[in-house]
Amino acid sequence: MQPIPIIGVLALQGDYESHARALEQVNAQPKMVRTAAELEKVDGLIIPGGESTTFLKLLEREGLFAPLEKFACTRPTFGTCAGCILLAKRVTHPEQESLGVLDATVERNAYGRQIDSQIVTEETSLPGGPLEMVFIRAPRLTHVGSGVEVLASRDGFPVLVRQKNILAATFHPELSHAKSPSQSGSPDDLERNPDRRVHQYFAQMVRDASQALENSKSAQESLPVQTTVTNRQ
Amino acid sequence: MANHQNNGNANPESGHGLRLKVGLAEMLKGGVIMDVINAEQAEIAEKAGAVAVMALERVPAQIRAEGGVARMASPAIIKEIMAAVSIPVMAKCRIGHFAEAQVLQELGVDFIDESEVLTPADELHHVNKHDFKTPFVCGARDLGEALRRIAEGAAMIRTKGEAGTGDVVHAVKHLRQIVKDMRQLTVMSEEELFAAAKDHRAPYELIRMVAKAGKLPVPNFSAGGIATPADAALVRQLGAEAVFVGSGIFMSDSTHLASIEEATSRARAIVRATTFFDDPKVLAETSAECTGAMKGLAVAAMDTASLMQTRGW
């Protein structure tokens, strides 16, 4: 049996608790990350939804920007909404700094204000059929590089993408529901039937990466001479 | 009353509506929402790391000092602030004033605060918040009040505290009350829950949900008198999921603005303290970074007629 991966959730601000709950539901162990020391103890990381400007200020003030950039270069990292903005190489509307690890251009608040927020159901290449997607003051990936795999789109724009160890969604998979018979508008709806396929997919990315890291370590140990080969692709 | 079922809105709430409204509130968790009265203050707030700003004509301390009828801010000010920042913009309407709420929704504000800080427009009814696409936040002093607002469609609850005083004592009182009320529900039998619904004057269905989850079905923030980084950390440790700071950042007393440097240092320090609310080392640093705090008014020395928290029912 594969070990349970420890997946960090960047907990400076935002809906980190929703992500932690989602991770528990896919048999991963969530761990809140607010410092560089905490970041070193996790196998993968989720950068949640929230305000990307707030994330940036706190990352800079806490000296967490460089360690996070380094982590995201090699380890499985998943950004949703604000997290996706942080991962993208170029940010527009307005322009702002980012970790720049995903070869993509992202436009902030591209669909408008809160009143334009929407829940839609779109096709995805993840198994299990169409996926419900919650877009809240969402950004839009206006361009992605050729090395970026598109896992789902909305109106012709990618909304769920993967580039090697990076996964990014412009919507909130932590809030996705499976098809539910009633949407009564009662607060009961908030906790009904979560759809955890995206978190499941990311947890598998983390398990695979940890396995590859183990394999390369044991391969190195068995070699008679020291090598400088790293695990980087 | 007959006509106010739909408030003229084309899109009364669907099941999706509530999830989108609460969804935005979820994204604001762990953050600081700051009161601002112009574009310059809004930019300072955004640069300091605020997750949202509340667009106002006067902050609560000024409203308290100047008196008169306090109403929704003028659309010109709200638009100026919306144009200045990329973070969500909230604005306040008077309790029960659904026409002001319609105006705010039309302007495109991201959250409406049906607020006791403004002069109430209706002595019996709050706005029917289900009728709006824009999410609402409402103040509460105890669990029953919080659940009545949620039943009306609020997507976020905040403690009322006592706005514009810089005295955190009633934010603490209200938060402790709500947390205690919720904890008591979690150990009650079915029969006791029916009785609790009556005692709290709240819908049984919501009482049952809180009993099961141990928390409100919508995010629970704190407001009203928070003025220092340690105040923010205090309410966070008591269970508030995010913090509203009103007069405490930009005012030095109830009529004078703080300097820009002072306001910036307070805003940055309170943002940091809200994130690292349980780390005394960071709290000591942020408290040292922060220059001065508003002079404030002690709530205990105020007469009951000047309290804002008793507005709303």
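Details of the structure are given in the entry above.
Residues numbered from 1 in each chain as written. Chains lettered and ligands numbered in written order. Predicted model: local features only at pLDDT ≥ 70, side-chain atom pairs only at ≥ 80, totals over all residues. Heavy atoms only, no water.

Enquirer: Give me the pairing of strand S5 (residues 136–140) of chain B: which residues, what numbers.
Expert: Residues and elements named next belong to chain B. With five of its five residues buried, S5 lies for the most part within the structure. Of the two faces of S5, the one lined by Phe 136, Cys 138 and Ala 140 and the one lined by Val 137 and Gly 139 are each fully buried. Where S5 lies against strand S6 (residues 156–159), four bridges are found, and the strand directions are parallel. Across the sheet, the residue bridging to Val 137 is Met 156, located in S6. Crossover handedness for the path S5 to helix H6 (residues 143–151) to S6: right-handed. (Buried < 20%, exposed > 50% of the residue type's maximum accessible area, 1.4 Å probe, protein only. Helix = DSSP H or I, 4+ residues; strand = E, 2+ residues; numbered from the N terminus. Pairing = 2+ DSSP bridges. Right-handed = clockwise from strand over helix to strand, strands pointing away.)

Enquirer: So what's going on with the interface of chain A and chain B? Which residues, and what values?
Expert: Each partner contributes to the interface: chain A provides 45 residues, whereas chain B provides 49 residues. Where chain A meets chain B, there are six salt bridges. Of the charged contacts, one joins A:Glu132 and B:Arg19 as a salt bridge, the two residues approaching to 2.8 Å between their closest N and O atoms. The interface formed by chain A and chain B includes 24 residue pairs in polar contact (both at pLDDT 80 or more). Elements represented by at least two residues in the side of chain A that touches chain B include exactly helix H1 (16–25), helix H3 (52–61), strand S7 (118–122) and strand S8 (131–135) of chain A. Ranked by residues supplied to the side of chain A that touches chain B, first place goes to H3(A) with five residues. Partitioning the side of chain A that touches chain B into residue classes produces 13 nonpolar, 18 polar and 14 charged. (Contact = heavy atoms within 4.5 Å. Salt bridge = Lys/Arg side-chain N within 4 Å of Asp/Glu carboxyl O. Polar contact = N/O pair within 3.5 Å; in protein donor to acceptor, adjacent residues only side chain to side chain. Nonpolar A, V, L, I, M, F, W, Y, C, P; charged D, E, K, R; others polar.)

Enquirer: I'd like a description of empty space enclosed by the protein, backed by residues and values.
Expert: For the coordinates displayed, the defined rule picks out three cavities of 30 Å³ or more. Considering only enclosed or pocket space, the largest cavity measures out at about 190 Å³ in volume. What lines the largest cavity is a set of 23 residues, among which B:Asp35, B:Ala163, B:Ala223, B:Gly224 and B:Gly246 lie closest to the centre. At the level of elements, strand S8 (243–245) and helix H11 (247–250) of chain B are the ones that each hand at least two residues to the lining of the largest cavity. Reported here for the second largest cavity is a volume of approximately 130 Å³. Taken together, 15 residues form the lining of the second largest cavity, with A:Gly50, A:Glu51, A:Cys81, A:Asn109 and A:Arg137 sitting closest to its centre. Only helix H5 (82–87) of chain A together with helix H1 (15–27) of chain B provide two or more residues apiece to the lining of the second largest cavity. In terms of residue class, the lining of the second largest cavity is made up of eight nonpolar, four polar and three charged. (1 Å grid on protein atoms, 1.4 Å probe; cavity = no way out; pocket = protein on both sides within 12 Å on 5 of 7 lines; lining within 4 Å. Points joined across faces, edges and corners; volume = space filled by probe spheres on them.)

Enquirer: Explain the pattern of salt bridges residue by residue, including any values.
Expert: In the structure shown here, the tally under the stated rule is 28 salt bridges over all chains. Between B:Glu145 and B:Arg141 there is a salt bridge whose closest N-O contact spans 3.8 Å. Sharing partners across several salt bridges, the network here consists of A:Glu62, B:Arg272, B:Lys281, B:Glu285 and B:Glu289.

Enquirer: Tell me about unusual backbone geometry, and please be specific about residues and values.
Expert: Residues and elements named next belong to chain A. A cis amide bond links His 93 to the next residue, Pro 94, at an omega of -15 degrees. Relative to the helices and strands, Pro 94 resides in the loop between strand S5 (88–92) and strand S6 (102–107). The backbone of Asn 109 sits at a positive phi, close to 45 degrees, despite the residue not being glycine. Within the element layout of this structure, Asn 109 appears in the loop between S6 and S7.

Everything listed here is a matter of geometry and, on its own, says nothing about what the molecule does.
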